[in-house]
Amino acid sequence: MFLRCPCCKSLLRIDETKATKSKKIRCPKCKRIMKPKEGAPAGQGADSKTIIASKEKVLDGDIPENLHIEIKVAGNGEKVFRLKKSRTVFGRSDGDFNIKDPNVSRKHMVIEVWSKDNVYIRDLSSTNGTFLNGVRIISSKLKNGDTIQIGSTRLNVTIQKR
């Protein structure tokens, strides 16, 4: 299950058993402690602004035609990659988009398109972490102009809705 912290707006991936057994959930970014009703599954007293979606909400297959997402690898010989699938894994060797950087994990992060207005980035438990605009994240919403850093590699995000 995914939760959005009401304080810092970070997207958190929470194990459902932890959310129901635990009395408190702590945001790793801002350290806010959320009460059980804020982290409850939809339909059980949850604040609708807190609950984002379950894994099943990621679009199947290709992204909508009216959505154009480009990832530009900064540095020598800038490489531009256009996202075509609704779920794209970035990594050193096992991803849909491979980055030759020893500081990048085999499966480092994923960009998921949930709708034309909801594009998310999620770290896949990488060794060195995923940074969005200089802040280490677990999961967060992407917007046009964001900068992602994985390992020593910078990625510039362009999102255009047509």
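Here the structure is a predicted model, which is why all the values come from computation and not from measurement.

## Remarks on the overall build of the protein chain
So, step 1. Assigned secondary structure in the protein chain consists of one helix and 15 strands.
So, step 2. Partitioning the intrachain contacts of the protein chain with sequence separation of at least 6 by distance along the chain shows that 39% fall at a separation of at least 24.

## Digging into the sheet that holds strand 12 (residues 135-137)
So, step 1. Read from one edge to the other, the open sheet built from six strands follows the order 6-5-15-14-11-12, with strand pairing classed as antiparallel. In the strand order of this sheet, the two ends are held by strand 6 (79-82) and strand 12, each with one partner. Here the strands of the sheet are splayed against their neighbours by 30° on average, with no regard to which way each runs.
So, step 2. The pairing of strand 5 (residues 67-73) with strand 15 (residues 153-161) spans seven bridges and is classified as antiparallel. Looking across to strand 15, one finds that Ile69 is bridged to Ile159.

## Some remarks on the sheet that holds strand 7 (residues 87-91)
So, step 1. Taken in spatial order, the five strands make up an open sheet running 8-7-9-10-13, and their pairing is mixed. Because the sheet does not close on itself, it has two edges, and the strands there are strand 8 (97-98) and strand 13 (139-141).
So, step 2. The sheet contact formed by strand 9 (residues 109-115) and strand 10 (residues 118-123) spans six bridges and is antiparallel. Counterpart to Ile111 in the pairing with strand 10 is Ile121.

## Observations concerning the packing of aromatic side chains
So, step 1. Taken as a whole and judged by the stated rule, the model has four aromatic pairs.
So, step 2. Arranged with centres 4.4 Å apart and planes meeting at 40°, the rings of Phe81 and Phe97 form a pair that is tilted. In this pair, Phe81 is assigned in strand 6 and Phe97 in strand 8, connecting sequence segments 16 residues apart.
So, step 3. Here Phe97 falls in the buried class, since its relative accessible area comes to 6%.
So, step 4. Here the aromatic rings of Trp114 and Tyr120 are separated by 4.4 Å at their centres, their planes lie at 35°, and the arrangement is tilted.
So, step 5. Chaining the aromatic ring pairs together yields one cluster made of Phe81, Phe90 and Phe97.

## Looking at the environment of Arg106
So, step 1. Checked against the element boundaries, Arg106 lands in the loop between strand 8 and strand 9.
So, step 2. Apart from the residues within four sequence positions on either side, Arg106 is in contact with Gly91, Arg92, Ser93, Asp94 and Gly95.

## Description of the side chain of Glu112
So, step 1. Among the structural elements, Glu112 can be located in strand 9.
So, step 2. Using a relative accessible area of 1% as the deciding quantity, one classes Glu112 as buried.

## A word on the nonpolar core
So, step 1. Grouped together as the largest cluster of nonpolar side chains are 23 residues, with contacts concentrated most on Ile69, Phe90, Ile111, Leu142, Ile148 and Leu155.
So, step 2. Breaking this core down by element, the ones donating at least two residues are strand 5, strand 9, strand 10, strand 14 (147-150) and strand 15.
So, step 3. Among the elements that line this core, the one with the most residues is strand 5, at four residues.
So, step 4. Residues contacting Phe90, with those up to four places away along its chain left out, are Ile71, Leu83, Phe97, Ile99, Lys107, His108, Met109, Ile111, Ile150 and Leu155.
So, step 5. Ranked by size, the runner-up nonpolar core spans six residues in total, among them Leu3, Cys5, Ile25 and Met34.

What counts, and at which threshold
The written sequence of each chain sets the order in which its residues are numbered from 1. The model is predicted, so local features are restricted to residues of pLDDT at least 70 and side-chain atom pairs to those at 80 or more, both for listing and for counting; the totals for chains, interfaces and linings are taken over all residues. Each side-chain value is worked out from all heavy atoms of the structure, with water and hydrogens disregarded. Labels follow the DSSP assignment, with helices taken as runs of H or I lasting at least four residues and strands as runs of E lasting at least two, numbered in each case from the N terminus. Note on contacts: a residue pair is in contact if any heavy atoms of the two residues lie within 4.5 Å. Any two strands with at least two DSSP-identified bridges between them are counted as paired. As a rule, the C-alpha atoms of each element are fitted with a line to give its axis, helices using only the stretch in contact, and angles between N-to-C directions run from 0 to 180 degrees. Between 30 and 60 degrees the pair is tilted, below 30 it is stacked and above 60 it is edge-to-face, where a pair is any two Phe, Tyr or Trp rings, Trp via its six-membered ring, whose centres lie within 6.5 Å. Categorising residues by exposure relies on relative accessible area from a 1.4 Å probe, with only protein chains included: less than 20% of the type maximum marks a residue as buried, more than 50% marks it as exposed, and the intermediate range marks it as partly exposed. By convention a nonpolar core is built from buried Ala, Val, Leu, Ile, Met, Phe, Trp, Tyr and Cys residues, the set being connected through side-chain atoms within 4.5 Å.

By themselves these figures say nothing about function.
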